[in-house]
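Architecture and fold: a report
The chain contents come next:
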Amino acid sequence: RLVGFSLLLMGAAACWQVPSGGAAELKIGYVNPAAILDNYQRTKDAEQALQQKSKQKQAELEGRVDELKKLRQGAELLNDQARETKTREIEEKSDAFKRLKVQAERELLRERNEMLKTIVEEINQVVSEYAKGNHFSLVVDERFLLYGESGLEITDAVVKLLNERHAAKKGKQP
């Protein structure tokens, strides 16, 4: 299989001819998507906003936990019939707490996924614009690259462009 794949690649390379006579030159670059996400300020800002929401949800949940603890402590002092009624109330509130916790986790995950989807779409658009503007024939994802000279990596240039645009958008917002 490997030999067949190698032959296929050699055949494709042999068929891929760059026109001679000073015509278009094949220009290839690559990017590290993880580094772009990590160094893009919009990603950092969005993660910070999600952290804040997570802390708010956590504080809300902690309030419910405290309420359940107080109910449990109060139930110990009651007679059998009152304790049984209080225990059912505690179980209902405990179930509601669990549902609220799961709902909060799902909501935060959904928000994070939507945020990442939007940011990745923006990154792809900027990579494409950068490639076209700098006459690249091909830009590949570093994860699928076996070897690439460091001079062909355009990650830093893309991050710089993204951060400049993000700063300009933030500056325009009231």
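Right above here is the structure, for reference.
Report follows, based on the coordinates.

What counts, and at which threshold
- Here the residue numbering is sequential within each chain, running from 1 through the sequence in written order.
- Local features in this predicted model are restricted to residues whose pLDDT is 70 or higher, and side-chain atom pairs enter the listing and the counts only when it is 80 or higher, whereas totals over whole chains, interfaces and linings include all residues.
- Side-chain metrics in this entry use all non-hydrogen atoms of the structure; hydrogen atoms and water are not considered.
- Elements are defined by DSSP. Helices are runs of H or I of four residues or more, strands are runs of E of two residues or more, and each kind is numbered from the N terminus.
- Residue exposure (1.4 Å probe, protein chains only): buried if accessible area is under 20% of the type maximum, exposed if over 50%, otherwise partly exposed.
- In this description, contact between two residues means that some pair of their heavy atoms is separated by no more than 4.5 Å.
- The Shrake-Rupley method, run with a 1.4 Å probe, gives the accessible areas here. Residue values count only the displayed protein chains as cover.
- A helix's residues, less one, multiplied by 1.5 Å, set its expected span.
- The arc under discussion is defined with respect to the helix axis, by the directions toward the C-beta atoms.
- By nonpolar core we mean a set of buried residues, namely Ala, Val, Leu, Ile, Met, Phe, Trp, Tyr and Cys, connected to one another through side-chain atoms within 4.5 Å.
- We call Phe, Tyr and Trp rings a pair once their centres come within 6.5 Å, taking the six-membered ring for Trp, and we label the pair stacked below 30 degrees between planes, edge-to-face above 60, and tilted otherwise.
- For a lysine, the NZ atom is tested; for an arginine, the CZ atom; a charge sits over a ring if that atom is within 6 Å of the ring centre and within 35 degrees of the ring normal.
- A 3.5 Å cut-off defines polar contacts: any pair of N or O atoms within that distance qualifies, except that in protein one atom must be a possible hydrogen donor and the other a possible acceptor, and neighbouring residues in sequence count only when both atoms are side-chain atoms.

Turning to the overall build of the protein, a few remarks are in order. Check the secondary structure of the protein and you find five helices and two strands. When the helices and strands of the protein are read in sequence order from the N terminus, they spell out α-β-α-α-α-β-α. In the protein, which comprises 174 residues, the proportion classed as buried is 21%. Once local pairs closer than 6 in sequence are excluded, the contacts in the protein between residues at least 24 apart make up 81%. If you sum the accessible surface of the protein, you get close to 13,100 Å²; carbon and sulfur atoms cover 54% of it.

A separate point is the environment of Gly151. Checked against the element boundaries, Gly151 lands in the loop between strand E2 (138–141) and helix H5 (155–172). Judged by its relative accessible area of 73%, Gly151 falls in the exposed class. Along the backbone, Gly151 and Tyr30 are 121 residues apart, and their C-alpha atoms lie at a distance of 9.5 Å.

Once that is clear, we can look at H5. For H5, spanning 18 residues, the distance from its first C-alpha to its last is 26 Å, which sits close to the expected 26 Å at 1.5 Å a residue. Within H5, the full set of buried residues consists of Thr155, Val158, Val159, Leu162 and His166. Take H5 and look down its axis: the buried residues cluster within an arc of 95 degrees, on one side only. Away from the buried face of H5 by more than 90 degrees, exposed residues Asp156, Lys160, Gly171 and Lys172 are located.

The next thing to look at is the nonpolar core. In terms of nonpolar packing, the biggest core is built from 18 residues, with Val31, Ile36, Ile119, Ile123, Ile154, Val158 and Leu162 touching the most fellow members. For this core, the secondary-structure elements that each account for two or more residues are helix H3 (41–75), helix H4 (80–133) and H5. Looking at which element gives the most residues to this core, the answer is H4, with eight residues. Beyond its immediate chain neighbours, meaning those up to four positions away, Ile36 contacts Val31, Ile123, Thr155, Val158, Val159 and Leu162. The next biggest cluster of nonpolar side chains, apart from the first, holds six residues, and it includes Leu61, Leu68, Leu71 and Ile90.

Right, let's get into the side chain of Ser94. Checked against the element boundaries, Ser94 lands in helix H4. In this view, Ser94 contacts Leu68 and Arg72; residues no more than four positions away in its chain are not counted.

It is worth spelling out the packing of aromatic side chains at this point. The final tally for this structure, using the stated rule, is one aromatic pair. Directly above the ring of Phe136 sits Lys27, whose terminal nitrogen or CZ lies 4.6 Å from the centroid.

Our focus in this paragraph is the environment of Lys170. By secondary structure assignment, the location of Lys170 is in helix H5. The class of Lys170 is partly exposed, set by a relative accessible area of 44%. A sequence separation of 128 residues divides Lys170 from Arg42, and the C-alpha atoms of the two residues are 9.6 Å apart. A distance of 3.2 Å separates the side chain of Lys170 from the side chain of Asp45, its partner in a polar contact.

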